Amino acid sequence: MNERTLLIHRADVIATLDDERRELPEASVWVKGPAIAAIGPAESMPPEALQADEVIDARGHVLVPGLVNTHHHMYQSLTRAVPAAQNAELFGWLRTLYPLWAGLTPEMARVSAQVAMAELLLSGCTTSSDHLYLYPNGVRLDDTIEAAQGIGLRFHPTRGSMSVGESAGGLPPDRLVEREADILRDTQRVIEAHHQPQRHAMVRVGVAPCSPFSVSPGLMRDAAALARSFGTRLHTHLAENDHDVAYSRERFGKTPAEYAQDLGWLGSDVWHAHCVKLDTPGMALFARTGTGVAHCPCSNMRLASGIAPVRRMWDAGVPVGLGVDGSASNDAGHLLNEARQAMLLARVGRALEPFGCDHGPASFTARDALELATRGGARVLGRDDIGHLAPGMSADLALFDTRSLGLAGAAVHDAIGALLLCSSATAAYSVVNGRVVVREGRLTTLELEPLLERHNALARVLVGG
């Protein structure tokens, strides 16, 4: 069977994010099957590329690698802007929402995941992780995997878990925690059923006990051993705010980074969400071991957790990617906007840090932010087939119309910089694994309006409205 071909022809500029960080004016990408076959000046495309099954006229567009989201809680799209949780910090926010989330059903998990995925795809994001850590009423990780397969998103679902409830000194209600033996058994089942290790894989399963304040040290160690026996990745929350750090010191007598080291939760197969309060020795540990960080600037601001020292992490050699975090703590899932916020917050954060004097507007550039959202995320997720554009790489890419109102007077000067500096645009096209899943600003894989209608109905049921 012949592979389907696609030519994206004559983009105004392509930001390849390749090893040379080339930016190609008047350029094209030729796709065969799931991978890029050629990229370069439009006039250099081979004759057969011009006979592709589909040709997209990319004039008036800027083309970038598909963005990569390294941390999300997609089910939370059902509880965005809940009034009682709007003005709380992390622990109070969780205690307010846990009782609502206890009503989650399999249908709610599927529908909320597709809403979150639609939002990501329309922002130019083509790969996303998801951290689902509660499983009431028959919910399974399989529900979100089916959602991704239906909409066409490249997906890194993680089998999260909580095992230490309030009665044992944890934060979640007892009715939301699981037995540790059941957690490990189901985690292995999901890996065996869905994990794809091969290049261009569309589903890769991770192992993700929720946090130091909701699981035991024993489960953390057992989960790490299980993940490594299958060659899958490890994910959890760490050092998110001052209360998180205080809990680790009081309960375990260690900083979060020391606790992670003691449990075997450092290494190039591990990434931690937030790390707002990661201290200097912790950064050195992460850099030395290749341990990744999912930076979630909007959520960290929304919950007043603080400003993660991303520039220092990056300069130290820590792998850093972007995450939109849960839909109820952001409360959005627009990854291009997340990159913009990361850039702006890093500039402010750098100015506030008492570490040297190299802060200011030049400390984090628009291209730094785009790299964080592409190559950075790919590294954090352990992928060498996404995150930049080159022959042989997965055909994951996003096009943005430079003629839009939000880019007026900017794209004519620097279309790539404009994407990060100006109002965050909706993707005109998103391509995943060689498949066009957003065309002219509309999803091609499902009808959005009926999905949103059902999602809003389920949100009312879950919150009791």
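Heads up: these notes are all about the structure in this document. (Residues numbered from 1 in each chain as written. Predicted model: local features only at pLDDT ≥ 70, side-chain atom pairs only at ≥ 80, totals over all residues. Heavy atoms only, no water.)

## Examining the overall build of the chain
Looking only at helices and strands, the chain has 14 helices and 17 strands in total. Its C-alpha radius of gyration of 21 Å places the chain within 12% of the 23 Å reference for a compact globule of 465 residues. Expressed as lengths along the three principal axes of its C-alpha atoms, the size of the chain is roughly 65 × 50 × 45 Å. Residue burial in the chain is summarised as follows: out of 465 residues, 63% are buried. Of the contacts made within the chain by residues no fewer than 6 positions apart, 75% connect residues no fewer than 24 positions apart. (Helix = DSSP H or I, 4+ residues; strand = E, 2+ residues; numbered from the N terminus. Rg over C-alpha atoms; globule rule 2.2 N^0.38 Å. Buried < 20%, exposed > 50% of the residue type's maximum accessible area, 1.4 Å probe, protein only. Contact = heavy atoms within 4.5 Å.)

## A look at the packing of helix H12 (residues 366-380) against helix H13 (residues 411-421)
In the contact formed by H12 and H13, the axes pass within 9 Å of each other and the chain directions differ by 75°. The orientation of H12 relative to H13 falls into the category roughly perpendicular. Of the residues in H13, those touching H12 at Ala366, Arg367, Ala369 and Leu370 are Asp414, Ile416, Gly417, Leu420 and Leu421. The class makeup of the residues in the contact of H12 with H13 is 6 nonpolar, 1 polar and 2 charged. (Axes fitted to C-alpha atoms, helices over the stretch in contact; angles between N-to-C directions. Parallel < 35°, antiparallel > 145°, perpendicular 65-115°, else oblique. Nonpolar A, V, L, I, M, F, W, Y, C, P; charged D, E, K, R; others polar.)

## As for the packing of helix H5 (residues 217-230) against helix H7 (residues 256-263)
Across the interface, H5 lies against H7 with an axial gap of 9 Å and an inter-helix angle of 55°. Classified by the angle their axes make, H5 and H7 are oblique. Across the interface between the two elements, Pro217, Met220 and Arg221 of H5 pack against Tyr259, Asp262 and Leu263 of H7. Split by residue class, the contact of H5 with H7 holds 4 nonpolar, no polar and 2 charged.

## Let's talk about the packing of aromatic side chains
Applying the stated criterion across every chain, the model contains 9 aromatic pairs. Aromatic pair Tyr75 and Trp101: ring centres 5.1 Å apart, planes at 85°, arrangement edge-to-face. Remark: Trp101 occurs in helix H1 (residues 90-101) and Tyr75 occurs in the loop between strand E6 (67-69) and H1; sequence separation between them is 26 residues. Here Tyr75 and Trp101 have matching classes, each one buried. Taken together, the aromatic side chains of Tyr75, Trp93, Tyr98, Trp101 and Tyr133 make up a single cluster linked through ring pairs. Taking the ring centre of Tyr135 as reference, the NZ or CZ of Arg159 above it sits at 4.0 Å. (Phe/Tyr/Trp six-rings, centres within 6.5 Å; stacked < 30°, edge-to-face > 60°. Lys NZ or Arg CZ within 6 Å of the ring centre and 35° of its normal.)

## What to know about the pairing of strand E8 (residues 154-161)
Buried residues dominate E8, accounting for 8 of its 8 residues. Across the two faces of E8 the burial is the same, with Arg154, His156, Thr158 and Gly160 and Phe155, Pro157, Arg159 and Ser161 all buried. For strand E7 (residues 125-132) and E8, the ladder comprises 6 bridges, and the chain directions are parallel. Bridge assignment links Asp130 to a residue of E8, and that residue is Pro157. As for the winding sense of the linkage, the β-α-β connection from E7 through helix H3 (residues 141-151) to E8 is right-handed. With 4 bridges connecting them, E8 and strand E9 (residues 206-209) associate as parallel partners. In the strand pairing of E9, Thr158 is matched with Gly206. Crossover connection from E8 via helix H4 (residues 180-194) to parallel E9: handedness right-handed. (Pairing = 2+ DSSP bridges. Right-handed = clockwise from strand over helix to strand, strands pointing away.)

## Quick notes on unusual backbone geometry
Working note: non-glycine residues mostly have negative phi, and peptide bonds are mostly trans. Put simply, Asn330 and Asp331 share a cis peptide bond, and its omega is 0°. For Asp331, the location among the structural elements is in the loop between strand E13 (320-322) and helix H11 (335-352). With a phi angle near 55°, Cys275 is a residue other than glycine that sits in the positive phi range. With a relative accessible area of 0%, Cys275 lands in the buried category. Positive phi, normally seen in glycine, also occurs at Glu440, with a value near 50°. Mapping Glu440 onto the fold places it in the loop between strand E16 (435-439) and strand E17 (442-443).

## Some remarks on the pattern of salt bridges
Per the stated rule, a full pass over the model turns up 31 salt bridges. Between Asp186 and Arg189 there is a salt bridge, and its shortest N-O distance comes to 2.8 Å. On the criterion of helical spacing, the pair formed by Asp186 and Arg189 is a turn pair, its members being 3 residues apart in helix H4. Of the charged contacts, one joins Asp315 and Arg311 as a salt bridge, the two residues approaching to 3.1 Å between their closest N and O atoms. Taken as a pair, Asp315 and Arg311 lie in helix H10 (residues 310-316) at a separation of 4 residues, close to a single helical turn. Among the charged side chains, a salt-bridge network with shared partners connects Arg140, Asp142, Arg159, Glu178, Asp186 and Arg189. (Salt bridge = Lys/Arg side-chain N within 4 Å of Asp/Glu carboxyl O.)

## Brief notes about the environment of Thr105
Secondary-structure assignment places Thr105 in the loop between H1 and helix H2 (106-121). Judged by relative accessible area, Thr105 falls into the partly exposed class, the value being 25%. For the pair Thr105 and Asp143, spaced 38 residues apart in the sequence, the C-alpha separation amounts to 9.8 Å.

## Focus on the side chain of Asp385
Among the structural elements, Asp385 can be located in the loop between H12 and strand E14 (397-401). By relative accessible area, which is 1% here, Asp385 ends up buried. A distance of 2.7 Å separates the side chain of Asp385 from the backbone nitrogen of His200, its partner in a polar contact. Side chain to side chain, Asp385 and Arg383 meet in a polar contact 2.9 Å long. Those residues in contact with Asp385, other than ones at most four positions away along the chain, are Arg199, His200, Ala201, Met393 and Ser394. (Polar contact = N/O pair within 3.5 Å; in protein donor to acceptor, adjacent residues only side chain to side chain.)

## Describing the pairing of strand E4 (residues 54-57)
Side chains Glu54 and Ile56 project from E4 onto a buried face, and the interleaved Val55 and Asp57 project onto a face without burial. Here strand E1 (residues 5-15) pairs with E4 via 4 bridges, running parallel. Bridge pairing links Leu7 to Val55 in E4.

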